[in-house]
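Architecture and fold: a report
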Amino acid sequence: MAPRANWKGFLRLSLVTCPVALYPATSESEKISFNQLNRQTGHRIKYMKVDADTGDEVPNEDIVKGYELDKGQYIEVTKEELEEIALESTRTIEIDEFVDKSDIDPRYLIRPYYIRPDGKVGHDAFAVIRETIREMDKVAIGRVVLTNREHIIALEPMDKGLVGTLLRYPYEVRSEQEYFDEIQDVKVTKDMLDLARHIVNQKAGRFEPEKFEDHYETALIDLINQKRAGKPITPKSKPAATNVVDLMEALRRSVGKEAAPAKAGKPAKKGRKASAGQKEMLMPIEGKKPKEAAAKKPSAKPQRKSA
């Protein structure tokens, strides 16, 4: 089943308009997640919305939004009042300008979305907008309202669709000066740069996301499997911290380490396919026969007990 759209409306470039739908381009649903339990009973912890003063539970229909002016003093804002100030970008992504991708500071990037035509109409207009952005080799900047807030969105062509990346506003990005001012000015010698550059060249490659593995997620799966099998959990030894005294010597040794050939008999480790969910590595559910488990393909969301 196709994922549910986060937003539906119109994409507009001047007088060219088409209906579109916006879908999340990323997901964390495959990651291991935990529930909070009562250690004494093993029951799940439940959260309730209660009055901070009386302690009484408050039904959803009696909960309103409030902006705190002073300690304990609020201005209430109703849902109807928020709807009255709805912006045009609530239903339309208006393309305001086109910029070079290199002009967008990476600190402003939030999260990506896929954008495609919504329904059977508007594909021609969508293609015109998409191919115009592609032909100009630019990024289109517009505005969209998600979760009741207006966001800047950067649009780029991808295959037959568009990728829209939400951007932060300037007031959301902290200045680097308060963090970098105390960094000492260090003179890096040419010899050091040459050695470091040599290490970089030895490690040079292409960005291939499918070869990366989430080691922490794998460790969580191993922990859960061991606990399900009733095996004792033994803490792993932590690597000892090293104190670099001679930077030049450390660089030279690093060059030698990277140049050393891999040990025979140990083929290079291949990354898992991105399409294969991490949860598929969990142990089979108790009671399932090995032959039956082998005959069936692993489901996307196998059952598991909380650790």
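For the structure, see preceding data.
Calculation rules
- Residues numbered from 1 in each chain as written.
- Predicted model: local features only at pLDDT ≥ 70, side-chain atom pairs only at ≥ 80, totals over all residues.
- Heavy atoms only, no water.
- Helix = DSSP H or I, 4+ residues; strand = E, 2+ residues; numbered from the N terminus.
- Buried < 20%, exposed > 50% of the residue type's maximum accessible area, 1.4 Å probe, protein only.
- Contact = heavy atoms within 4.5 Å.
- Areas by Shrake-Rupley, 256 points an atom, 1.4 Å probe, with all protein chains shown as cover.
- Pairing = 2+ DSSP bridges.
- Axes fitted to C-alpha atoms, helices over the stretch in contact; angles between N-to-C directions.
- Parallel < 35°, antiparallel > 145°, perpendicular 65-115°, else oblique.
- Left-handed = near helix turned anticlockwise from the far one by under 90°.
- Nonpolar A, V, L, I, M, F, W, Y, C, P; charged D, E, K, R; others polar.
- Core = buried A, V, L, I, M, F, W, Y, C linked by side-chain atoms within 4.5 Å.
- Salt bridge = Lys/Arg side-chain N within 4 Å of Asp/Glu carboxyl O.
- Phe/Tyr/Trp six-rings, centres within 6.5 Å; stacked < 30°, edge-to-face > 60°.

Structural notes on the overall build of the chain
What the chain contains, in helices and strands, is seven helices and nine strands. Relative to its 307 residues, the chain shows a buried fraction of 21%. Considering only contacts within the chain whose residues lie at least 6 apart along the sequence, 66% involve residues at least 24 apart. Put simply, the chain shows about 25100 Å² of open surface, and 53% of that area lies on carbon and sulfur atoms.

Some remarks on the pairing of strand 2 (residues 16-24)
Judged from the seven bridges that link them, strand 1 (residues 7-13) and strand 2 form a sheet pairing that is antiparallel. Counterpart to lysine 8 in the pairing with strand 2 is alanine 21. Bridging between strand 2 and strand 6 (residues 109-117) involves five bridges; their strand directions are antiparallel. If you follow leucine 22 over to strand 6, its bridge partner there is isoleucine 115.

A word on the packing of helix 4 (residues 190-202) against helix 6 (residues 247-259)
Their axes nearest at 9 Å, the elements helix 4 and helix 6 cross at an angle of 25°. In terms of orientation, helix 4 and helix 6 fall into the roughly parallel class. At the point where helix 4 passes helix 6, the crossing takes the left-handed sense. The segment helix 4 lies against helix 6, with Asp191, Met192, Leu195, Ala196, His198, Ile199 and Gln202 engaging Leu247, Met248, Leu251, Arg252, Ser254, Val255, Glu258 and Ala259. Residues that form the contact of helix 4 with helix 6 fall into these classes: nine nonpolar, three polar and three charged.

Details of the environment of leucine 22
Position of leucine 22 among the secondary structure elements: in strand 2. Classification of leucine 22 by relative accessible area gives buried; the value is 0%. Distance from leucine 22 to valine 163, taken between C-alpha atoms, is 9.1 Å for residues 141 residues apart in sequence. If we ignore the near neighbours within four places in the chain, the residues touching leucine 22 are Ala5, Asn6, Trp7, Tyr113, Tyr114, Ile115, Leu146 and Ile153.

Section: the nonpolar core
Among the nonpolar cores identified, the biggest contains 21 residues, and Leu11, Ile93, Ile115, Ile153 and Leu155 are the most heavily contacted of them. Of all the secondary-structure elements, those providing two or more residues to this core are strand 1, strand 2, strand 5 (92-99), strand 6, helix 2 (123-136), strand 7 (139-146), strand 8 (149-158) and strand 9 (161-167). Tallying contributions element by element places helix 2 first for this core, with four residues. Excluding its chain neighbours within four sequence positions, the residues that come into contact with isoleucine 153 are Leu22, Ile93, Ile115, Ala140, Ile141, Gly142, Arg143, Val144, Gly164, Thr165 and Leu166. Formed by seven residues, the second largest nonpolar core is a distinct cluster that contains Val139, Ile141, Ile152 and Leu167.

A closer look at the pairing of strand 3 (residues 65-70)
Pairing analysis gives five bridges linking strand 3 to strand 4 (residues 73-77), with the strands arranged antiparallel. Note that in strand 4 the partner of glycine 66 across the bridge is glutamate 76. The hairpin formed by strand 3 and strand 4 contains two residues between the paired strands, and glycine 72 there has a positive phi angle of roughly 80°.

Regarding the side chain of threonine 165
Within the fold, threonine 165 resides in strand 9. By relative accessible area, threonine 165 is classed as buried at 13%. In this view, threonine 165 contacts Leu109, Ile110, Arg111, Pro112, Ile152, Ile153 and Ala154; residues no more than four positions away in its chain are not counted.

Overview of the pattern of salt bridges
The full count for this structure, using the stated rule, is 12 salt bridges. Residue glutamate 156 pairs with lysine 101 through a salt bridge whose shortest N-O separation is 3.2 Å. Of this pair, glutamate 156 sits in strand 8 while lysine 101 sits in the loop between strand 5 and strand 6, and the two are 55 residues apart along the sequence. The exposure class assigned to lysine 101 is exposed, which follows from its relative accessible area of 56%. Here arginine 107 ties to aspartate 105 by a salt bridge, and the two come within 2.8 Å at their closest N and O atoms.

Let's talk about the packing of aromatic side chains
A complete count under the given rule lists two aromatic pairs for this structure. Arranged with centres 5.9 Å apart and planes meeting at 5°, the rings of tyrosine 169 and tyrosine 171 form a pair that is stacked. In this structure tyrosine 169 comes out as partly exposed when scored by relative accessible area, which is 22%. By relative accessible area, which is 63% here, tyrosine 171 ends up exposed. Summarising the aromatic geometry, the rings of phenylalanine 207 and phenylalanine 212 are spaced 5.9 Å apart at their centres and angled 35° between planes, so their arrangement reads as tilted. Neither phenylalanine 207 nor phenylalanine 212 differs from the other in exposure class; each is exposed.

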